[in-house]
Amino acid sequence: MTESLLSTSTAPLLAIDDLTVQRGEMPLCAGVELSLYAGSICHLIGANGTGKTTLLMQLAGLLPVLKGIISYQGRAGLPVQPLYISHQLGIHPNLTVSQNLTFLLNLYGITPSINDIDKALTWVGLQGYETVSSSHLSAGQTRRITLARLYLMSVEVTPLWLLDEPFTALDVDMVARMEERLQAFAAAGGSILMTSHQAVGVANQVLDLSEYLDSPEYLDLLAYDSLDDKHEYLDE
């Protein structure tokens with residue numbers, strides 16, 4: 001039992017081995033490798049079209065993995081659902097700000113109190129908007145609703161955050177608050193993989209998908225003339 005506990009405790013929270021990032025039948029890059037441990041804040045970068053968003057969706061379980069292995073906490077599959085925040089905000093315009101935030105937290109088994117909601121909305125600068133219809137908000141304010149859940153998401157709920165451009169439409173002060181929250185989550189034992197077109201000052205790791213465009217695995221995929229040949233390669 002000690003050996004099992006030791007191996008689990010030293011295993012990365014997220015491990016990617018020989019992964020093909022693929023949208024439909026089109027491989028975007030191949031042979032991707034990554035290990036994220038407790039405390040990792042990894043900045044996912046790469047040229048447009050290399051599959052940054054696609055990779056996050058694969059890791060979140062929203063797109064299939066046709067070649068490669070993804071492991072969470074040393075186990076294949078999704079034993080713990082990671083937090084995924086994407087470009088699609090999931091905000092219902094007919095619900096109030098408080099109702100939308102409550103719904104987003106309920107998805108992860110969190111039932112927030114009124115005080116929790118107040119603190120989270122204050123953190124993102126939406127204090128006083130609790131009962132306002134989300135349809136009346138600007139794009140930046142709407143995005144802040146989705147980010148407010150980060151204030152209440154702990155490592156115990158999910159140790160892995162997948163964030164797609166979380167700094168978009170945020171002012172300098174909010175970016176600073178976000179970076180403080182990312183650091184606190186990592187210090188508590190969490191791990192973060194995130195994209196951003198701006199610098200991420202708190203990142204301690206970088207994954208550049210552009211480096212996998214000339215990998216042997218990717219060049220092999222491009223060499224196949226037919227989709228059947230590609231499927232045969234991916235099934236190997």
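Just above sits the structure.
All chains use their own residue numbering, which begins from 1 and follows the written sequence. Whole-chain, interface and lining totals are the exception, using all residues; otherwise, since this is a predicted model, local features are given only for residues with pLDDT of at least 70 and side-chain atom pairs are given and counted only at 80 or more. Neither water nor hydrogens contribute to the side-chain values; these are computed over all heavy atoms in the structure.

Draft legend 1. Quick peek at the sheet that holds strand β8 (residues 191-195). Strand pairing is defined by DSSP finding a minimum of two bridges between the two strands. Strands are runs of DSSP state E lasting at least 2 residues, helices are runs of H or I lasting at least 4, and numbering of each runs from the N terminus. What the 5 strands build is an open sheet, ordered β6-β7-β8-β3-β9; its pairing is parallel. In this open sheet, the two strands that pair with only one neighbour each are β6 (83-85) and β9 (205-208). Each neighbouring strand pair of the sheet contributes to a mean axis angle of 15 degrees, computed without reference to strand direction. The contact rule is simple, with two residues in contact once any of their heavy atoms fall within 4.5 Å. Lines fitted to C-alpha atoms define the axes, with helix axes restricted to the stretch in contact, and inter-axis angles between N-to-C directions lie between 0 and 180 degrees. Those strands touched by helix α2 (residues 52-59) are β3 (41-45), β6, β7 (160-164), β8 and β9, and its axis lies near 150 degrees from that of β7. In the packing of helix α6 (residues 172-187) onto the sheet, the strands contacted are β3, β7 and β8, and the crossing angle to β7 comes to about 155 degrees.

Draft legend 2. Molecular detail of the pattern of salt bridges. Within this document, salt bridges are pairs made up of a side-chain nitrogen of Lys or Arg and a carboxyl oxygen of Asp or Glu, the two lying within 4 Å of each other. According to the stated counting rule, one finds 2 salt bridges in the structure shown. The partner of D18 in a salt bridge is K67, and the shortest N-O contact between them spans 3.9 Å. Here the residue D18 occupies a position in strand β1 (residues 14-23), and K67 occupies one in the loop between α2 and β4 (69-72), the gap between them amounting to 49 residues. Relative accessible area decides the class of each residue, using a 1.4 Å probe on protein chains only: under 20% of the type maximum gives buried, over 50% gives exposed, and in between gives partly exposed. Taking the relative accessible area as the measure of exposure, K67 reaches 13% and is therefore buried. In this structure, R144 engages D171 in a salt bridge whose closest nitrogen and oxygen atoms are separated by 3.3 Å. Taken together, the residues R144 in helix α5 (residues 139-148) and D171 in the loop between β7 and α6 connect sequence positions 27 residues apart. Exposure remark for R144: the relative accessible area of 12% places this residue in the buried category.

Draft legend 3. Just the packing of helix α3 (residues 97-106) against helix α4 (residues 114-123), in detail. Across the interface, α3 lies against α4 with an axial gap of 11 Å and an inter-helix angle of 105 degrees. With respect to their mutual orientation, α3 and α4 come out roughly perpendicular. Of α4, the residues touching α3 (which contributes V97, S98, L101, T102 and L105) are I117, A120 and L121. When the residues that make up the contact of α3 with α4 are grouped by side-chain class, the tally is 6 nonpolar, 2 polar and no charged. For classification purposes, an angle smaller than 35 degrees is called roughly parallel, one larger than 145 roughly antiparallel, one from 65 to 115 roughly perpendicular, and anything else oblique. Nonpolar residues are Ala, Val, Leu, Ile, Met, Phe, Trp, Tyr, Cys and Pro. Charged residues are Asp, Glu, Lys and Arg, and all others, Gly as well, are polar.

Any link to function would need more than the numbers given here.
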